[in-house]
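# A look at the structure
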4 protein chains.
Amino acid sequence: MLSQSELETLEHCVARLAPRLVADRRDFHRFAETGWTEFRTASLIARRLCELGFEVRVGPEVLEPGARMGLPSPRELEAQWHRASAQGGDPEFLGRMRGGFTGVVGLLHRGPGPVVGLRFDIDALDLVESKAPSHRPAAEGFASVNEGATHACGHDGHAAIGLGVAELLTQLTEVPSGTVKLVFQPAEEGVRGARAMVEAGVVDDVDVMLALHLYSGWPLGHLAPGRGGFFATTKFDVRLQGAPAHAGGHPEGGRNALLAAATAVLNLHAIPRHPAGATRINVGALIAGQGRNVIPPEAQLVVETRGATSALNEYMYASALRVLEAAAAMYQCELTVIPRGSAESAESDTWLAERVWSVAERLGGYEYRQSYASGGSEDFTYMMRRVQERGGSAVNIGLGADLGGWGHHTEVFDFDERALSLGVRLLGALVIELLREPVRHVA
Amino acid sequence: MLSQSELETLEHCVARLAPRLVADRRDFHRFAETGWTEFRTASLIARRLCELGFEVRVGPEVLEPGARMGLPSPRELEAQWHRASAQGGDPEFLGRMRGGFTGVVGLLHRGPGPVVGLRFDIDALDLVESKAPSHRPAAEGFASVNEGATHACGHDGHAAIGLGVAELLTQLTEVPSGTVKLVFQPAEEGVRGARAMVEAGVVDDVDVMLALHLYSGWPLGHLAPGRGGFFATTKFDVRLQGAPAHAGGHPEGGRNALLAAATAVLNLHAIPRHPAGATRINVGALIAGQGRNVIPPEAQLVVETRGATSALNEYMYASALRVLEAAAAMYQCELTVIPRGSAESAESDTWLAERVWSVAERLGGYEYRQSYASGGSEDFTYMMRRVQERGGSAVNIGLGADLGGWGHHTEVFDFDERALSLGVRLLGALVIELLREPVRHVA
Amino acid sequence: MLSQSELETLEHCVARLAPRLVADRRDFHRFAETGWTEFRTASLIARRLCELGFEVRVGPEVLEPGARMGLPSPRELEAQWHRASAQGGDPEFLGRMRGGFTGVVGLLHRGPGPVVGLRFDIDALDLVESKAPSHRPAAEGFASVNEGATHACGHDGHAAIGLGVAELLTQLTEVPSGTVKLVFQPAEEGVRGARAMVEAGVVDDVDVMLALHLYSGWPLGHLAPGRGGFFATTKFDVRLQGAPAHAGGHPEGGRNALLAAATAVLNLHAIPRHPAGATRINVGALIAGQGRNVIPPEAQLVVETRGATSALNEYMYASALRVLEAAAAMYQCELTVIPRGSAESAESDTWLAERVWSVAERLGGYEYRQSYASGGSEDFTYMMRRVQERGGSAVNIGLGADLGGWGHHTEVFDFDERALSLGVRLLGALVIELLREPVRHVA
Amino acid sequence: MLSQSELETLEHCVARLAPRLVADRRDFHRFAETGWTEFRTASLIARRLCELGFEVRVGPEVLEPGARMGLPSPRELEAQWHRASAQGGDPEFLGRMRGGFTGVVGLLHRGPGPVVGLRFDIDALDLVESKAPSHRPAAEGFASVNEGATHACGHDGHAAIGLGVAELLTQLTEVPSGTVKLVFQPAEEGVRGARAMVEAGVVDDVDVMLALHLYSGWPLGHLAPGRGGFFATTKFDVRLQGAPAHAGGHPEGGRNALLAAATAVLNLHAIPRHPAGATRINVGALIAGQGRNVIPPEAQLVVETRGATSALNEYMYASALRVLEAAAAMYQCELTVIPRGSAESAESDTWLAERVWSVAERLGGYEYRQSYASGGSEDFTYMMRRVQERGGSAVNIGLGADLGGWGHHTEVFDFDERALSLGVRLLGALVIELLREPVRHVA
């Protein structure tokens, strides 16, 4: 456990960092960038880590190119890259991130010993931020200047906390021997980014892996030390390609992709429930057809499956594919299924969650909160699974930051910035603890 | 029957008019305007009719405002009005057409006697015209400059023929006593415009009503003198309004408009066949949903029904409404059905079709073509029905103008411009014939 | 044309035959037998033809065994065979009809010359006949004694007419040279029997083929001399075999044949209309499932398609198969499609229909009735097609026999027995005419 | 706790009873009677209870007449009543059970004190029992003589255990003061009978309520002392009444009940999952239509919903009704929904389950088995809920009785009859314990 003097030093450093945390968060918020286009955000993070003495890795080394799911078009990537350049991105790192390489890994080497990893997601959402005076970011001038991109899930805060932890660790003199690995992940929204970092081997050497997520719906300081119950999920787009015909003159002609789609939609929702646990399916959008008097020659479906376990999600996904194949065959349409994102189910290690809480208790200022299954998904699960499969441990921490407003993923999302310091001190203390004892206590 | 000298005069005048027909057609083609936005086209037609000495009527007098179906938004109307202004529309008439009053009626009074009406439709299609060098309008510089509007159904030719007939009649000295009524109709595509003219009473005093349509698929000069078999049709949009919910966290929440829509689509197509004749239904497009992880809160369907008779179309439409209401109720969605267009079934009067052919034969240069039911629809049927109900007669004439290219409603549609003269001379001769004897011969 | 003396002889003979026609009809009516079990009916017909001097053919020679569609189970066939035996069937012929060979062909050889064929269908319907005193067969004691079998479509009358024509021809002294072929066909209901006779070659040598059908809905003597417009049709049963599972404990287990069937039903009805003419589809019955708490492991559908032409029916049938295959695949069910009956579309030869009417006019006592398409089907079309394909001609004649009661296929069907004589004299006269001149008059 | 001498007495008595338990079970098995027709079974139980000195209640006093769900037709009830009479039912009680009053309550009054209730279900299943020599009941001559009724869920054993407990209690001299209430319930299969007993107030005075169920799939003696997790369920039949029409001649006529049913089936299965817990729906059977060429005029669906809680089941049922109403409206069918059975969710009281296990442990011969949610339903839950709502406690006990054969509800179900004694001694000991201390121990 941290000694009293260590605690005092920690608190002192965090207090000094606090204004910077807010400034960083607001800067990221103002220049919000969505998944795979976080060029400005990531390049500035990389620059700062360099300045703090971290070894910085970017590019294919930390992102397996072919595993980046839901990548925007090259044209879109290029446009946003130029915007980042114009908005003050770091020129050197921008050059190394072109084409959608917006992940950053920072390594602090402190001699031999365990590797403690921390993951921070950094992307914004496809959303137009509120300009209402009642919305603090608008009132105080840090609302997104990038139309259609908004930090409405707190990842701006996560990025700021990550930089805060980096700086804190360089200020603490007594960091134990070992390595700290800070993983700044792009494209968490749509669960698109984690897999590419995992497949690049980013967490393969990690002994203990941590992540922290702010929740605007929980009171400030409420802490779920081992938040789990994330649903495994598969996000995919479907294209049914038929053929057009004039609906009046040749109703029997063509191959009706809309009838195929309608049949699919009903039968996708009719996939049986599973006794092993919760499952989900949603056809979130369907766009089909051309003109009123044309047999619809194509249809596009935006779909996701979920399961309380990866096996349940696989059951849903396999069932969905069978339904789609048959619906396509019924109307002689060609079927294309395009993966857009995925996450596994994963559970935090109990011992590690307990350690998180014991550290939090010692620090004070947190209140215990029961973790529960939300029906949501989170691609940090890819990292958890990889670390656990290789013998390490992982935990996902939830931290309350309520401001009394609306929820995540809304245009007026905001959070209590005091949670930034609460996050940095907890993670900082945990790094030290876990470098010292990265495994379960033996009684 | 026309005397030999009348015929010679006619041919002489038409020959002189020919270059102007082509020029007019190409001008209309170049500045293509879609339904209810034919501001430039209609204002120039009105101006020309004035110059030729016709009494010209425009505005609510010839278009019942509330009966204009599928009207674009006020903003769209305004934008296109300004475009027309910039592209050389007639200032005076533009002022009287603002807000979507793009119909024109021209009257040539030649003393007491019968009223012979001719209808010309003038609107373009929502289509981007080909810029390929193999496409003559592109090669010869008269392709549409209005992106997204293309004359791909020959209405540019119809408008030019209408002006040609107007000019021809003013040049013929021996036009019999009576009235010629030239009806330039907007928004035929989507069968949206004729009803508003009929409801304004435009054809109420007409004894014999004619229309002529060019067909690129028929050899030049092929003539179907009483083309009929048009399907009655109803065009309508459907909106299903449900409510969103998070698909992972609250799959049972919300009200799923996409499931309602999919149920509707299948059951709309399952409306039983009818022993009394051909019926059709098409859901030409469906757009539903927001995001992948959101229960789709709304859906929009673009639908049309058809029937070989108006009664059959009504059977289909009534059945469709019942299906839609039930599908909405099943998912607690609000249902809105928005009419977008309609046409009746109608048949040309046999005696009149025979008269058309006898005149054509006398003129020479036409070949008889059997008319057949196409499964298509045409809102001239509104005018035919109204005239027939009031004791008059009506005919719809098809005229071949093939260029060996692609069909109607494609981006590379074009037609043989020699058909313009063929149309003008036939209609001109018919007007004279029918003013003389606007009824069936008594044997 | 028949001479006056021939006409007089004919009328004389028919008048003498009249009581026997009624007696025969009532005997067949009383011992009604359904398709492929007409053992008593057919054996008595064969016996009578023998007695009249006809060459009689029965068994596989006139019914291709494997082409008999919708054959009852061997057990059922055997039971009805024994019933026929007990009800006075002819022992010799019964022996040759065992196992469902209930067709009879009688040949009257009158020297070289053309072959004129007449077809009579002889089966009853699966229906319990009314016992109400207002129902004449019940009141006069000739209602069916075979529970569940009723002559409710007049085939008892057709069989009686067939025997009447046979007897008539043997009484007329001046029958021209040639051959008369009387074809007594089983299992017309469900359009199951004609194909097997055609495939056995029964009509291969026929120059002119006739059939006559009584209609209770038309006034007595109304005559449609070339009734056509029969829809081609395919009757088939469908079996979807899935697998059961406990609906509470293993909703995801099993393979749900009912969901496959429901998907099929909707999409079968959604098969697009066809511009070439009328089409039909009906799923007349669906039986699926076992217990309330068991995933339904199997489903059976009873289906028919129809088309105004054979090509249209084939379009419907092929589309239906595709829908069924895809629906089965969607739920991993095995699909079995069992043919149960079929008929072609066919049209009477115009010259022959005209000849029928000219003979009828000469005979007097008939009124012309326009033939129309009914949406119904009739397997005499198989014989028509075969004869026509081989260069012969065929006609299907409708004859009114109204009694003012209910329609065909109801439990209280009956007809005016005076139509029996009207049928015999017309067919008798036609046979003589057509033996003399079996082809179109050359003007 | 039972004293050692009490235990010895108990074991002694049970040993003497054992042959009778087997004999009773086999007698009930041989004369298997399904729900509401257990006339022989129930009358003999009532007679035996009388002989043992119990106060016996039957008829409307113990079964609220209108709450008996899924009652067979009067004709069926009468037929089975006569069969029971012929098969040796007790004449006196048969007279009081006519019309489906086959529940029996036996009361053993032992002075003031708590009321301990035990419930035994007594009905057989609609199933034809195996006659295979490998099936012990067949081999040993006690297979069901009532074709179509089979004890395939062990209720014959439950009834025998109930009589065994009754006899045991009369033999034990030291039964504590209080009342023992033995409840013999009809029609548990289809969860149809418990509600009528509860609504008649049968368990309103019970302090502790017990039930025991044999499981052939668990090894002999395995004991789940507080088996819970039963799903709430609603069983109902659905009738859709449309109208027929000839499918060829009038496809547009009629009102197609099969299309309504198919639409309902798909959308019933598409009722969304619920985040609060497991839900189920099954359309176990569908029967629709008449003939192949008739628009199906009616359809019947056999449906059940389930939910891990009663609220979840109500969500499913309400959603199902909405789907059915809309599907009926879509095809203008009349909808009738007929309740056939229902059960609540309920949980055993923990303290009571623990007491069951402590008594079992003291008795010896049982092995603890973890209870789990099965997806199944059980209408004892009605009694549990009523007792718990009135301040009492309830428990449902599972007891293994495996014979290595097939499962419940199969035609070859059987169980190890040694479980009968295991059940009697456990319940007997529990009665004594609970009369002494019918509430949670206070530490």
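Above this text is the structure in question.
This structure is a prediction, so every number in the text was calculated from the model and none was measured.

### A few points about the relation of the copies chain A and chain B
Superposing chain A onto chain B takes a rotation of 179° plus a shift of 0.2 Å along the axis, which leaves an RMSD of 0.2 Å. Taken together, the rotation and translation relating the two chain copies correspond to the operation of a two-fold axis. Comparing interface residues between copies, 100% of those in chain A also lie at the interface in chain B; the contact surface is shared.

### Considering empty space enclosed by the protein
Residue and element names in this part refer to chain D. The tally for this structure, following the rule as stated, stands at five cavities of 30 Å³ or more. Put simply, the largest cavity is a space of about 40 Å³. In this structure, the largest cavity is lined by L127, V128, E129, K131, S144, N146, E147, G148, A149 and T150. Across the lining of the largest cavity, the residue classes tally to three nonpolar, four polar and three charged.

### Details of the pattern of salt bridges
A full pass over the atoms with the stated rule returns 128 salt bridges over all chains. With its nearest N and O atoms 2.9 Å apart, the salt bridge here joins R40 of chain B to D27 of chain B. Taken together, the residues R40 of chain B in helix α2 (residues 39-51) and D27 of chain B in helix α1 (residues 4-30) connect sequence positions 13 residues apart. Put simply, R47 of chain C and E92 of chain C hold a salt bridge, and the shortest N to O gap is 2.8 Å. Pair noted here: R47 of chain C is in helix α2 (residues 39-51) and E92 of chain C is in helix α4 (residues 91-97), with a separation of 45 residues, a long-range link. On the basis of relative accessibility, which here comes to 21%, the residue R47 of chain C falls in the partly exposed class. Owing to a relative accessible area of 43%, E92 of chain C belongs among the partly exposed residues under this scheme.

### Quick word on the interface of chain A and chain C
With 21 residues of chain A in contact, the opposing surface of chain C contributes 21 residues. For the chain A face of the interface with chain C, the top three residues by lost area are E252, R322 and M330 of chain A, together amounting to 33%. Here chain A is connected to chain C by zero salt bridges. Linking chain A with chain C are 10 residue pairs in polar contact (both at pLDDT 80 or more), by the criterion used here. Sorting the residues of the side of chain A that touches chain C by element identifies α8 (257-269) and α9 (310-330) of chain A as the ones contributing at least two each. The element contributing the most residues to the side of chain A that touches chain C is α9 of chain A, with seven residues. Considered class by class, the residues forming the side of chain A that touches chain C number 12 nonpolar, six polar and three charged.

### Some points on the interface of chain A and chain B
Taken together, the 40 residues of chain A in the interface contact 41 residues of chain B. Taking both partners together, chain A and chain B bury about 2,800 Å²; carbon and sulfur atoms supply 58% of that area. When the buried area of chain A at its contact with chain B is split by residue, L266, L286 and R292 of chain A rank highest and sum to 24% of it. One can count two salt bridges joining chain A with chain B. Ionic pairing is found between D237 of chain B and R292 of chain A, a salt bridge with its closest N-O pair at 2.9 Å. Put simply, chain A and chain B have 16 residue pairs in polar contact (both at pLDDT 80 or more) between them. Every element with two or more residues in the side of chain A that touches chain B is listed here: β9 (232-241), α8, β10 (279-289) and β11 (298-307) of chain A.

### Observations concerning helix α3 (residues 74-86) of chain D
Residues and elements named next belong to chain D. Look at α3: 18 Å from first C-alpha to last across 13 residues, which is about the 18 Å you get at 1.5 Å a residue. Inspection of α3 places L77, Q80, W81 and A84 among the buried residues, and these make up the whole buried set. When α3 is viewed along its axis, its buried side chains cluster within an angular range of 110° and face the same direction. Of the residues in α3, the exposed ones pointing more than 90 degrees away from the buried face are R75 and A86. Buried positions along α3 lie against α2 (39-51) and α4 (91-97). One or two positions beyond α3, positive phi appears at G88, with a value near 90°.

### What about the sheet that holds β10 of chain A?
Judged by pairing direction, the sheet is antiparallel, and its eight strands sit side by side in the order β12(A)-β9(A)-β11(A)-β10(A)-β10(B)-β11(B)-β9(B)-β12(B) without closing on themselves. With one partner strand each, in any of the chains shown, β12 (334-343) of chain A together with β12 (334-343) of chain B form the two edges of the open sheet. Along the sheet, successive strands turn relative to each other by an average axial angle of 20°, direction set aside. The pairing of strand β10 (residues 279-289) of chain B with strand β11 (residues 298-307) of chain B spans nine bridges and is classified as antiparallel. Counterpart to T279 of chain B in the pairing with β11 of chain B is G307 of chain B. Against the sheet, α8 of chain A contacts β9, β10 and β11 of chain A together with β10 of chain B, and its axis sits at roughly 170° relative to β10 of chain A.

### Remarks on the packing of helix α1 (residues 4-30) of chain C against helix α12 (residues 418-436) of chain C
All names here are of chain C. Contact pair α1 / α12: the axes reach a minimum separation of 8 Å and the direction vectors enclose 135°. The angle between the axes of α1 and α12 places the two elements in the oblique class. In this structure, α1 crosses over α12, and the sense of that crossing is right-handed. Between α1 and α12, the contacting residues are E6, L10, E11, V14, L17, A18, L21, V22 and R25 on the first element and L420, S421, V424, R425, A429 and R436 on the second. Classifying every residue of the contact of α1 with α12 by side-chain character gives nine nonpolar, one polar and five charged.

### Quick notes on the pairing of strand β7 (residues 208-215) of chain D
Walk down a regular strand and you will see the side chains alternate between the two sheet faces. All names here are of chain D. For β7, the tally of buried residues reaches eight of eight residues, placing the bulk of the element in the interior. Alternating residues of β7 divide into V208, L210, L212 and L214 and M209, A211, H213 and Y215, and every residue in both groups is buried. In the sheet, β7 pairs with strand β14 (residues 393-400) via eight bridges, with the strands oriented parallel. What sits directly across from L210, in β14, is V395.

### Regarding the packing of aromatic side chains
This model, assessed by the stated rule, comprises 20 aromatic pairs over all chains. Considering the side-chain rings of W357 of chain B and Y368 of chain B, the 5.2 Å spacing of their centres and the 75° angle between planes classify their relative orientation as edge-to-face. Of this pair, W357 of chain B sits in helix α10 (residues 350-363) while Y368 of chain B sits in strand β13 (residues 367-368); the two residues are 11 residues apart in sequence, bridging distant segments of the chain. The ring of F415 of chain C has R25 of chain C sitting right over it, with the charged end atom 4.2 Å from the ring centre.

### Notes on the relation of the copies chain A and chain C
For the pair chain A and chain C, the best superposition has an RMSD of 0.1 Å and corresponds to a rotation of 180° with a translation of 0.2 Å parallel to the axis. A share of 100% of interface residues in chain A that are also interface residues in chain C marks the association as one of identical surfaces.

### Digging into unusual backbone geometry
The residue H409 of chain B is not glycine, and still its phi comes out positive at about 70°. H409 of chain B sits in the partly exposed class, given a relative accessible area of 36%. Of note in the backbone geometry, Q332 of chain C takes a positive phi value of approximately 50° without being a glycine. Relative to the helices and strands, Q332 of chain C resides in the loop between α9 (310-330) and β12 (334-343). Q332 of chain C gets classed as partly exposed once you look at its relative accessible area, which sits at 41%.

### Quick look at the side chain of K181 of chain C
All names here are of chain C. Of note, K181 is situated in strand β6 (residues 178-185). On the basis of relative accessible area, K181 is assigned to the buried category, the value being 3%. Separated by 2.6 Å, the side chain of K181 and the backbone oxygen of V202 make a polar contact. Discounting residues that sit within four places of it in the chain, K181 has contacts with V105, G106, L107, V115, V116, G117, L118, V202, D205 and V206.

### Focus on the pairing of strand β2 (residues 104-110) of chain B
All names here are of chain B. Among the seven residues of β2, five are classified as buried, and the element is accordingly described as predominantly covered. Bridge count for strand β1 (residues 55-58) against β2 is four bridges, and the pairing is antiparallel. Bridge pairing in β2 links E55 to L107. Pairing geometry for β2 and strand β6 (residues 178-185), over seven bridges, is antiparallel. If you follow L108 over to β6, its bridge partner there is V180.

### Observations concerning the sheet that holds β6 of chain B
Residue and element names in this part refer to chain B. If you walk across this open sheet you meet the eight strands as β1-β2-β6-β3-β7-β14-β8-β13, and the pairing is mixed. Only two strands of the sheet have a single neighbouring strand rather than two, namely β1 and β13. Strands in contact with helix α11 (residues 380-389) are β3 (115-121), β6, β7 (208-215) and β14 (393-400); relative to β14, the strand with the most contacts, it is inclined by about 150°.

So, how was this worked out
Residues numbered from 1 in each chain as written. Chains lettered and ligands numbered in written order. Predicted model: local features only at pLDDT ≥ 70, side-chain atom pairs only at ≥ 80, totals over all residues. Heavy atoms only, no water. Least-squares fit on C-alpha atoms with pLDDT ≥ 70 in both. Contact = heavy atoms within 4.5 Å. 1 Å grid on protein atoms, 1.4 Å probe; cavity = no way out; pocket = protein on both sides within 12 Å on 5 of 7 lines; lining within 4 Å. Points joined across faces, edges and corners; volume = space filled by probe spheres on them. Nonpolar A, V, L, I, M, F, W, Y, C, P; charged D, E, K, R; others polar. Salt bridge = Lys/Arg side-chain N within 4 Å of Asp/Glu carboxyl O. Helix = DSSP H or I, 4+ residues; strand = E, 2+ residues; numbered from the N terminus. Buried < 20%, exposed > 50% of the residue type's maximum accessible area, 1.4 Å probe, protein only. Buried area = accessible area lost by both parts, 1.4 Å probe. Polar contact = N/O pair within 3.5 Å; in protein donor to acceptor, adjacent residues only side chain to side chain. Expected span 1.5 Å × (residues − 1). Arc of directions from axis to C-beta. Pairing = 2+ DSSP bridges. Axes fitted to C-alpha atoms, helices over the stretch in contact; angles between N-to-C directions. Parallel < 35°, antiparallel > 145°, perpendicular 65-115°, else oblique. Left-handed = near helix turned anticlockwise from the far one by under 90°. Phe/Tyr/Trp six-rings, centres within 6.5 Å; stacked < 30°, edge-to-face > 60°. Lys NZ or Arg CZ within 6 Å of the ring centre and 35° of its normal.

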